Amino acid sequence: MVKLDAQGNKIWDRTYGGTGEDRCNGAFEISNNGYLIYGGSTSTVGGDRNAQSKGNQDFWIVRIDINGSILWDKAYGGSHFEYCTDAIHTSDGGYLLGGTSSTWSDGDLSQTSRGGNDFWIVKTDANGSKLWDKRFGGSGADGLKQM
């Protein structure tokens with residue numbers, strides 16, 4: 001991640017990742033309190049990843065301060081593949097994460113698969129603790145590109 005000033009000059013740059021493959025799908029500013037980075041991760045604990053792996057690939061979010069230092073990270077998923085493709089900051093200070101899940105029914109997924117890949121959303125509080133999750137989809141491959 002690279003932070004630039006209004007003229008395009010680099011303020012700082014930083015990489016975030018663990019022991020596996022980590023992908024950033026996006027990031028957004030949280031007022032003047034830092035940023036939330038979201039995507040997918042196959043890493044286990046190590047490097048910048050402190051969140052335990054849930055399966056093959058997890059939703060992975062990283063909360064950083066305005067200087068790029070990690071405040072916390074969280075992973076959500078089941079035994080197969082989950083990938084967070086979008087996230088928003090909600091009015092209650094938490095986050096709504098959306099993406100794709102291929103897990104049948106285990107880990108953080110509270111509902112059984114509809115078949116194939118499902119669209120999966122996770123609601124968290126301001127500290128990234130999961131409040132609830134929902135699955136949507138049909139018998140084929142479903143997923144979310146952008147909220």
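Further up the page is the structure itself.
Let me begin by describing the structure that accompanies this report. (Residues numbered from 1 in each chain as written. Predicted model: local features only at pLDDT ≥ 70, side-chain atom pairs only at ≥ 80, totals over all residues. Heavy atoms only, no water.)

Examining the side chain of Q57
This is how the line gets drawn: By definition, any uninterrupted DSSP run of H or I lasting at least four residues is a helix, any uninterrupted run of E lasting at least two residues is a strand, and each is numbered from the N terminus. We call two residues contacting when some pair of their heavy atoms lies within 4.5 Å.
Relative to the assigned elements, Q57 resides in the loop between β4 (35-41) and β5 (58-64). If sequence neighbours within four positions are ignored, Q57 has contacts with G40, S41, T42, H80, F81, E82 and Y83.

Examining the pairing of β5
Stated formally: Type-normalised accessible area, obtained with a 1.4 Å probe on protein chains alone, sets the label of each residue: buried when under 20%, exposed when over 50%, and partly exposed for intermediate values. Note: two strands are recorded as paired if DSSP finds a minimum of 2 bridges between them.
Here β5 lies mainly inside the structure; 7 of its 7 residues are buried. Summarising the sheet, β5 and strand β6 (residues 70-76) pair through 6 bridges and their orientation is antiparallel. In the sheet register, F59 faces β6, and the bridge partner there is Y76. Joining the antiparallel neighbours β5 and β6 is a turn of 5 residues, in which G68 adopts a positive phi near 90°.

Things to note about the environment of Q52
If you trace the backbone, Q52 turns up in the loop between β4 and β5. Each C-alpha atom of the pair Q52 and D73 lies 9.9 Å from the other, and the pair is 21 residues apart in sequence. Other than its neighbours up to four places away in sequence, Q52 contacts V45, D58 and A75.

A short note on the sheet that holds strand β8 (residues 95-101)
Our working definition: Helix axes are fitted only over the stretch in contact, all axes being lines through C-alpha atoms; the angle between N-to-C directions runs from 0 to 180 degrees.
Read from one edge of the open sheet, 4 strands run β7-β8-β9-β10, paired in antiparallel fashion. Sheet topology places β7 (82-89) and β10 (130-136) at the edges, where each strand pairs with a single neighbour. With strand direction ignored, the average angle separating the axes of adjacent strands in the sheet is 20°. Bridge analysis of β8 against strand β9 (residues 118-124) gives 7 bridges, and the strand direction is antiparallel. Within β9, the position partnered with L97 by the bridge is V122.

Observations regarding the packing of aromatic side chains
Formally: Under the pairing criterion, centres of Phe, Tyr and Trp rings, with the six-membered ring standing for Trp, must be within 6.5 Å; the plane angle then separates stacked pairs below 30 degrees from edge-to-face pairs above 60, leaving the rest tilted.
According to the stated counting rule, one finds 5 aromatic pairs in the structure shown. Ring centres 6.3 Å apart and planes at 45° place the aromatic pair F28 and Y38 in the tilted group. Highlighted residues: F28 in strand β3 (residues 22-29) and Y38 in strand β4, separated in sequence by 10 residues. The exposure class assigned to Y38 is buried, which follows from its relative accessible area of 8%. Following the ring pairs from residue to residue traces out a cluster consisting of F28, Y38, W72 and Y95.

Focus: the environment of N117
Along the chain, N117 falls in the loop between β8 and β9. Linking N117 and R135, residues 18 residues apart in sequence, is a C-alpha distance of 9.9 Å.

Some points on the state of the cysteines
We apply this condition: Disulfides are defined in this document as cysteine sulfur pairs within 2.5 Å.
Evaluated as defined, the whole model comprises 0 disulfides. In this structure C24 is not part of a disulfide, and its nearest cysteine sulfur, from C84, lies 9.9 Å away. Among the residues examined, C24 registers a relative accessible area of 55% and is labelled exposed.

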